[in-house]
Amino acid sequence: MDQLVIGIFGLTGCAGDQLTILNCEDELLLIAEKVTMKSFNMASSRELAGRVEVALVEGSVCQPEDLAMLREIRERSRHLVAFGTCAAFGGMAAMDQRVHPEVLRDTVYGPDGEPFEAIRARPLSSFVKVDFVLPGCPVEKGQLLETLSCLLKGSFPDIACTPVCAECRSRENLCIVLERDEVCCGALTRGGCGARCPSLDVSCAGCRGPVEDAYYAVNADLLKGRGIDREKIRKKMMLFSAPAGMGERLEREFD
Amino acid sequence: MLRKRIEIKHLTRVEGHGGITIELVDGTVKTVHMDILEGTRFYEALLKGKGFLEAAAIVSRVCGICSASHAVTAQLAVEDAFGIRVDSRTVRLRELLLLGEIMESHALHLFFLLLPDYMGYPSALDMARDHPIKAKMGLFLKQLGNRIQEAVGGRAIHPPNVMVGRFGKVPGRQVLSDLLACVEDGLALTPALVDLFASLEVPVLLEEATQYLALSSRDGYRFVSREIAATDGKVFQASEFSRVCNERVVAHSHAKQSLYSDRPFAVGAQSRVVVNGGELTGAAAEALERFVSAQGGMGRGNPISNSMAQAVELVHALQAAKEHLVDILTNGAGDAPPETVIEPVKGTGIGLTEAPRGILYHRYDFDDNGIITEADIITPTAQNLANIERDMRLVAERFGEISADGVVLSPAMGCLANRDLSFVLQVIARAYDPCISCSVH
Amino acid sequence: MHNPYLPEDWTIMAMREEIEDHFFLELRPPAGSRVWEYTPGQFCGVSILGIGEAPISLSSSPTRPETLQMCIRKAGRLTSAVSKLSVGDVLGLRGPLGKGYPLEQIQGRDVLILAGGLGMVPLRSLMTYVLDNPERFGRLTVLYGTRTDLEFLFYDELTRLGKSGRAEVELITQEVRPGGRYRPENGDRKGFVTDLLAGGFCRSPGETFVAMCGPPVFYRYAVKTLLEKGFSKALIFMSLERRMECGLGKCGHCSVGYRYTCVEGPIFNYWDAYNTPELIEIREGQPWINS
Amino acid sequence: MRILRFHKSHLEVWLDLIAETADLYVPKKAGEKAHRFERYEDFQEVDLSYTRTILPPKKFLFPPEETLFSRDAGSDSYHVPEIPDRDVVLFGVHPCDINGIRVLDVFFGSFDRPDYYYQRRRKKLRIVGHSCMPDENCFCQSMDAETAASGFDLFLNDMGDHYLVTLGTVEGDLLLGDRADTLPEATAEDMTELMAGIRRRREAFTLELDTSIVPQAVSLHQTDPVWEELGEKCLTCGCCSLGCPTCTCFNIRDTNTLGGSAKRSRTWDACLYRDFATVAGGYNFRPNRGRRVQHRYYHKQVGFAQSFGQPSCVGCGRCIKMCPTGIHFVEVFRALQENSLKQEMGRDA
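Residues numbered from 1 in each chain as written. Chains lettered and ligands numbered in written order. Predicted model: local features only at pLDDT ≥ 70, side-chain atom pairs only at ≥ 80, totals over all residues. Heavy atoms only, no water.

**Side note on the overall build of chain A**
Selection rule: Under the scheme used here, helices are H or I runs from DSSP no shorter than 4 residues and strands are E runs no shorter than 2 residues, and both carry numbers assigned from the N terminus. Pairs of residues are marked as contacts when any of their non-hydrogen atoms sit within 4.5 Å. Here the accessible surface of atoms and residues is derived via Shrake-Rupley with a 1.4 Å probe, and residues count as covered only by protein chains that are part of the display.
Scanning chain A for helices and strands turns up twelve helices and five strands. Considering only contacts within chain A whose residues lie at least 6 apart along the sequence, 73% involve residues at least 24 apart. When the accessible surface of chain A is totalled, it reaches about 8800 Å², and 50% of it is carbon and sulfur.

**Points about the sheet that holds strand E9 (residues 250-256) of chain D**
Residue and element names in this part refer to chain D. Short version of the rule: By definition, two strands form a pair when at least two bridges between them are found by DSSP. The axes are straight lines fitted to the C-alpha atoms, using for helices just the contacting stretch, and the angles between their N-to-C directions are given from 0 to 180°.
Pairing is antiparallel across the open sheet formed by three strands, whose spatial order is E4-E10-E9. Of all strands in the sheet, those with a lone pairing partner are strand E4 (65-71) and E9, marking the two edges. Each strand of the sheet is rotated relative to its neighbour by a mean of 20 degrees, with strand direction disregarded. Inspection of the sheet shows E9 paired to strand E10 (residues 262-268) by seven bridges, in the antiparallel sense. Across the sheet, the residue bridging to Asn 256 is Ala 262, located in E10. The strands touched by helix H4 (residues 116-123) within the sheet are E4 and E10, with E4 carrying the most contacts at an inclination of about 115 degrees.

**Quick look at the packing of helix H9 (residues 225-233) of chain D against helix H11 (residues 289-308) of chain D**
When two helices pack together, their arrangement is captured by the angle between the axes and the distance separating the axes. Residues and elements named next belong to chain D. For clarity, the threshold we go by: Comment on the angle field: the value is read as roughly parallel under 35 degrees, roughly antiparallel over 145, roughly perpendicular from 65 to 115, and oblique elsewhere. By convention the crossing between two helices is left-handed if the near helix lies anticlockwise of the far one by an angle smaller than a right angle, and right-handed if it lies clockwise.
As a packed pair, H9 and H11 sit with axes 7 Å apart at the nearest point and diverge in direction by 110 degrees. Taken together, the axis directions place H9 and H11 in an arrangement best described as roughly perpendicular. Regarding H9 and H11, the two cross each other, and that crossing is right-handed. Here Trp 227, Glu 228, Leu 230 and Gly 231 of H9 lie close against H11, whose contacting residues are Arg 289, Gly 290, Val 293, Gln 294 and Tyr 297.

**Let's talk about the environment of Phe 154 of chain C**
Residue and element names in this part refer to chain C. For clarity, the cut-off: Burial here depends on accessible area, computed with a 1.4 Å probe over protein chains only, as a share of the maximum for the residue type. Under 20% is buried, over 50% is exposed, and the range in between is partly exposed.
Relative to the helices and strands, Phe 154 is located in the loop between strand E8 (140-148) and helix H4 (155-164). Assessed through its relative accessible area of 3%, Phe 154 is described here as buried. The sequence separation of Phe 154 and Ile 19 amounts to 135 residues, and the corresponding C-alpha distance is 9.0 Å.

**Some details on unusual backbone geometry**
Most of the time, phi is negative for any residue but glycine, and the peptide bond is trans. Cis peptide bonds are those with omega within 30 degrees of zero, and the linkage from Cys 137 of chain A to Pro 138 of chain A qualifies with 0 degrees. Relative to the assigned elements, Pro 138 of chain A resides in the loop between strand E5 (132-134) and helix H6 (141-152). Phi is positive for Ala 195 of chain A, which is not a glycine, with a value near 50 degrees. Topologically, Ala 195 of chain A is positioned in the loop between helix H8 (176-180) and helix H9 (196-199). Positive phi values are uncommon outside glycine, yet Asp 21 of chain C reaches one of about 65 degrees. Looking at where Asp 21 of chain C falls in the secondary structure, it is placed in the loop between strand E1 (8-19) and strand E2 (22-28). Assessed through its relative accessible area of 30%, Asp 21 of chain C is described here as partly exposed.

**Points about the pattern of salt bridges**
Residues and elements named next belong to chain D. To be explicit about the condition: By definition here, a salt bridge exists when the distance from a side-chain nitrogen of Lys or Arg to a carboxyl oxygen of Asp or Glu is within 4 Å.
Summed over all chains, the structure comprises 70 salt bridges over all chains. In this structure, Glu 45 and Lys 28 form a salt bridge, with 2.9 Å as the shortest nitrogen-oxygen distance. With Glu 45 in the loop between strand E3 (34-39) and helix H2 (58-61) and Lys 28 in strand E2 (residues 23-30), the pair connects residues that are 17 residues apart, well separated along the chain. Under the relative-accessibility criterion, Glu 45 is labelled partly exposed at 34%.

**Regarding the pairing of strand E4 (residues 52-57) of chain C**
Successive residues of a regular strand alternate their side chains across the two faces of the sheet. Residue and element names in this part refer to chain C. Only one face of E4 is covered, namely the face carrying Gly 52, Ala 54 and Ile 56; the face carrying Glu 53, Pro 55 and Ser 57 is uncovered. Sheet topology places strand E3 (residues 43-48) next to E4; six bridges connect them, and they run antiparallel. Residue pairing across strands places Phe 43 opposite Ser 57, the latter belonging to E4. The turn joining E3 and E4, which pair antiparallel and follow one another in sequence, is formed by three residues; a positive phi near 105 degrees is taken by Gly 50.

**A look at the interface of chain B and chain A**
For clarity, the threshold we go by: By definition, the buried area sums, over both parts, the 1.4 Å-probe accessible area that each loses when the two are put together.
In this assembly, 64 residues from chain B lie in contact with 55 residues from chain A. Between chain B and chain A, the buried area comes to about 5200 Å², and carbon and sulfur atoms account for 63% of it. In this assembly, chain B and chain A are joined by one salt bridge. Where Glu 25 of chain A meets Lys 142 of chain B, a salt bridge forms, and the shortest distance between an N and an O atom there is 3.3 Å.

**What about the interface of chain D and chain A?**
To keep things clear, this is the line we draw: N or O atoms closer than or at 3.5 Å make up a polar contact, with two conditions inside protein: a donor-capable atom paired with an acceptor-capable one, and, for residues adjacent in sequence, both atoms drawn from side chains.
At the interface, 44 residues of chain D touch 35 residues of chain A. Carbon and sulfur atoms make up 56% of the surface buried where chain D meets chain A, a total of about 3000 Å² over both sides. At the surface where chain D touches chain A, the tally comes to four salt bridges. A salt bridge links Lys 33 of chain D to Glu 179 of chain A, with the nearest nitrogen and oxygen atoms 3.9 Å apart. Applying the counting rule to chain D against chain A returns nine residue pairs in polar contact (both at pLDDT 80 or more). Those elements that provide at least two residues to the side of chain D that touches chain A are E3, H9, helix H10 (239-242), E9, E10, H11 and helix H12 (318-322) of chain D. If you tally residues by element for the side of chain D that touches chain A, the top one is E9 of chain D, at five residues.

**A short note on the domain arrangement of chain A**
Residues and elements named next belong to chain A. Rules: Domain segmentation is taken from an automatic or database assignment of domains. Here the nonpolar group is Ala, Val, Leu, Ile, Met, Phe, Trp, Tyr, Cys and Pro; Asp, Glu, Lys and Arg are the charged ones; every other residue, Gly included, is treated as polar.
When its domains are assigned, chain A resolves into domain 1 (4-152) and domain 2 (164-254). Each partner contributes residues to the interface: domain 1 has 17 residues there, and domain 2 has 16 residues. Of the roughly 1400 Å² buried at the junction of domain 1 and domain 2 (both faces included), carbon and sulfur atoms supply 59%. The largest share of the area that domain 1 buries against domain 2 comes from Phe 89, Arg 98 and Glu 140, three residues that together contribute 38% of it. Glu 140 is the partner of Arg 196 in a salt bridge, and the nearest nitrogen-oxygen pair spans 2.8 Å. Its residues assigned to classes, the side of domain 1 that touches domain 2 comprises eight nonpolar, five polar and four charged.

**Structural notes on the sheet that holds strand E11 (residues 372-378) of chain B**
All names here are of chain B. With antiparallel pairing, three strands are arranged side by side in an open sheet as E9-E10-E11. Two strands bound the open sheet, and with one partner strand each, they are strand E9 (347-355) and E11. Strand-to-strand, the axes of this sheet are offset by a mean angle of 10 degrees, without reference to chain direction. Examined bridge by bridge, strand E10 (residues 358-366) and E11 share six bridges and lie antiparallel to one another.

**Observations concerning the packing of helix H3 (residues 67-82) of chain B against helix H4 (residues 88-119) of chain B**
Residue and element names in this part refer to chain B. With their axes 9 Å apart at the nearest point, H3 and H4 run at an angle of 150 degrees to one another. In terms of axis orientation, H3 runs roughly antiparallel to H4. Handedness of the crossing formed by H3 with H4: left-handed. Contacts from Ser 67, Ala 68, Ser 69, Val 72, Gln 75, Leu 76 and Glu 79 of H3 reach H4 at Arg 94, Leu 97, Leu 98 and Glu 101. Looking at side-chain class alone, the contact of H3 with H4 contains five nonpolar, three polar and three charged residues.

**Examining the nonpolar core**
Heads up, the rule is: Side-chain atoms within 4.5 Å are what join buried Ala, Val, Leu, Ile, Met, Phe, Trp, Tyr and Cys residues into a set we call a nonpolar core.
Residues Phe 111, Phe 197 and Tyr 364 of chain B are the most contacted members of the largest nonpolar core, which totals 177 residues. Considering each element in turn, this core owes the most residues, 16 residues, to H4 of chain B. Split by domain, this core shows at least three residues from each of two domains, domain 1 (4-152) and domain 2 (164-254) of chain A. Here Tyr 364 of chain B is in contact with Leu 47, Ala 55, Val 59, Ala 74, Ala 77, Gly 347, Thr 348, Gly 349, Ile 372, Glu 374 and Ala 375 of chain B, once residues within four sequence places are set aside. With 59 residues, the next largest nonpolar core counts Leu 140, Phe 152, Leu 196 and Ala 273 of chain C among its residues.

**What to know about the side chain of Lys 256 of chain B**
Which entries qualify depends on this criterion: When charges are counted, Lys and Arg contribute as positive and Asp and Glu as negative, whereas His and the chain ends are disregarded.
Note that Lys 256 of chain B resides in the loop between helix H8 (241-245) and helix H9 (269-276). Here Lys 256 of chain B occupies a buried position and makes no salt bridge, while the nearest side chain of opposite charge, Glu 247 of chain B, is found at 4.5 Å. In terms of polar contacts, Lys 256 of chain B uses its side chain to reach the backbone carbonyl oxygen of Val 108 of chain A, at 2.7 Å. Residues in contact with Lys 256 of chain B, not counting those within four places in the same chain, are Val 108 and Tyr 109 of chain A together with Glu 247, Arg 248, Val 249, Ala 382, Leu 385 and Ser 439 of chain B.

**Considering the environment of Glu 75 of chain A**
Residue and element names in this part refer to chain A. Counting through the fold element by element, Glu 75 comes out in helix H3 (residues 64-76). Judged by relative accessible area, Glu 75 falls into the exposed class, the value being 65%. Expressed as a C-alpha distance, the spacing of Glu 75 and Ser 126, which sit 51 residues apart in the sequence, is 16 Å.

**Some details on the side chain of His 328 of chain D**
Looking at the secondary structure, you find His 328 of chain D in the loop between H12 and helix H13 (329-348). The contacts of His 328 of chain D, once residues within four sequence positions are left out, are Asn 137, Leu 207 and Ile 320 of chain D.

Have a look at this one:
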């Protein structure tokens, strides 16, 4: 049988999702045996052009070069996977969509910087067709392996879209909202992490992106009702739970 | 006038997107640019207006490889601003976490990004087919680093467990003793590890005097300190760092660059070994001695030695991790973390750590409510960029004209023999193990 | 103890693309096993371990016990994977599941089969069953409508049946497309399936057994016409789709009101459907229970 | 039923003994206010004064995640994982939870299609009940679940320094070991005291649900604004369902390994989640939040009763306690009843 050909690409991001592939230490040699990985610049100098069956694309579109690269990848690939939260939802860089990118640029680079075109981070789906979304900041190793295994069988995996609360309750954790009156984004956020943070007694930051019907208003009311400062709630939810394009909804439902 | 341009569009086996452009006019190097093409996420701007509790979660996303350093450094800055003192177990656990990151990062660099150059393979996966034992050693050490980060930080990348003043959940006794057993296994590998890297013929590309900077500590080889030492003998305090490294915007790159007294300088494993090597003990000290005698010293300006310094640090990290684990297991693991009441105070906080690639600096200004009003992040790769360009210029001046025209380097250059200039330039860049996501943040 | 979650490995004996993205499959049981005893209207769980499982109606009749037949529409992960299989491949089957048509109740009656679009798939099972037991049933009428004539399932079989005189068969389509199967010379008509109900085609509507299956909008209009024509609430049976996972009345996904459609359905008579909360919205804007 | 007198001073020895031959689970503190059933390790950790555990005992019969079967690459047979051979003893189960297990028994044994995985765990489960006092969220007496008439192997009535132990089954008798034959039978005085205790407990309830008109109220008010309001208030986090002793919905999902083996497993699901009723192809039969909440309430109090003769709610109060937005199960029905009352009065006037 022909080997499965996967392309691994990074747009603007932290490379954490690509690193997660390398972090599968126990499985890495087996992966290399079963899968041909093209364009994995982070790990290999072997630049392979040509078509790929599946492109795993990490990062968000933050500059015109990213967009050109994304379009080229789409051309070359039969299936395109938004690999990680940045690719899926825009990620951390996409928060505060209301602030003009030039303001951000000038804050960081000051008046001396050579002006380059600043655009706000957007998820892949804003520009090209995305066939499958594997969220996570970074993606969960288990889900990554499941995706690769499933791709070897010619299918995308069946990945849960239930909120983090489902796993948190199943693990019989204490509810951070109820017990500590802290902001927790668990109910807004896609599970699949095994409620990693609440299980550490750390409130969910929403890093896996929002569930399909994230309901900001209720979350906001609930937390406000528990005496948590409105701004604190907004800020926490802004991190990940309100990805590009949804931030406005958050603001609206908040007021 | 004969103009020549050497362009490397995409550096491979480094983290992120970067390239190199060199222009020669009549055989003289005119410009050397390390082009950082990575998109900018404007982290310093995003931090403005966010609360102190979110700082670590935000900045750890700057980089997947150095996320633990960013998280710890952010919390150090917050604690510095609010005058929070943390208990000794938290201090140890943070160091342990950073050691895990060092192991993971160095093992990744040495075995996956660097060794293929020496062994003549395009990637570690190609190399692994012919050299499974070496590959497995690398994987084991890398995995050990990840295990430590998972156990302490709660996740190998972007560790959520690192909180202001404490850890969310302190790892339990069982987890720590399992880790200790793994660290012992890792220590058993160190002779083979040192042999492997001592057996490599390290080409002496350059011997120009180089300025090294590292956090200095007088109580052992540490990765957290508030004092910076330079190899010119000067010592600085945390608050002086931004002045000392003088970070500024450059035209050709999205990453800023730094100069120390108007000259490029280096940070990272090599700098740390040069500055603090005397504090190394046991097998790490022996390894250093072996590399020094083989290569005539770490501080002689050869950037390729950085990799050997990383190998020394791998040995040290294993030793130090063992020490921390034994201490925490003896003095209490897994108990509820201390409750810290955090009262925001208006003012400035600075965090400093040695990330795998060198000094990492975070500075935040807070208002009365603990909201960030101003943020500054200076990453090691950004500090190194000017020095990388300097090294490339020197090499290009020395070898450029001849090798670019097809004349190859001498056999004395080890793995670089028979290679053209563009390959050599890539090897220099990789020797610094640049982290481009960090440098443009 | 029997473990009803375990599938059996059946082998694909025949496979063809019936219409675009709809695959007809014929399967034989694992060596040493026989085809299950089942009733028209029942379904089974079809699975490929590693991809998943989906509920699929049986299209064959227990009167022809050598194989099972089904028609799979490529819609989700599992059905897409099935569409890539070929003769000789193995498929996991679990069943028979659900409750089929109440055959005793049909005994001696005229049978009207009313299909909309893909609804023909489960109804083919009942149709074949009635044809194979002519002594037990009265007259058989098959009325089948589709949105376009590209969507006619089992077209040749139905046309042959109509010509044979063993049943009255009427096909109708809303839209004729290039490459479609619409043939006016075969008596095919253009229009809505409810148009077929306009004529006085039934001897005694109140005594006729009606089996219908189709999309929700089809039920809404067809049921209204049937009731106006005097068909009995107790004898109109509809096959209803819900998300069925376990097929054992356990996982809860198919539950509506107090019913688990995977065990108490998918065949319900009109009265049950009308009176079970949520099961079907017969009238537009109607609340989910009709009080 | 035989009732024996058991002095509390012997409890530790007894528990140690049970733990030798069985997997023993006891209520332990989780944080300041909450409890969990966890493996017995140290008698000091046992806290029988708890009100309710975060998760009900259903986790032992129907775990949050369970592998149904797997198949190795290249193999043509399915492998069903074994469960441990030892009995599982749940110690200190309150009557509401015992009744919850009875509901599960009915449900998982239903439709002539008993659930293989539930049944094999159920056979190994021994239940030692324990009396309790209600808090402000308990309404088990309204659901006829405040006492456990059966469904336990032993039941411990706390009488201060001793227990009055009701023997429920022969397995319970065996759990007591030699004590079953040597412990003194309860005296007439003991019984009087026990009855008094039951009365005291009954009086301690502060929450009540008038179940007499619940089915009507729910059935007659499908379009009541209360459902839309609930939809607006519900986070659909699913905590009420997952923590419910009688909620049983699950998802079946396949997973693979790189080596080519695959498995099918089931995990807890909740009807409040958006995709719960979505069929292949994407059509969602219950896309609206309010509808999903309504479905859950209808199913618990009315639908289940129509199929199985009793509501599935046992009044344990977990859904009230655990709802982050403060949706109150009992208040919802009260609101429905009030609305129907208002309508009636409106008609009269």
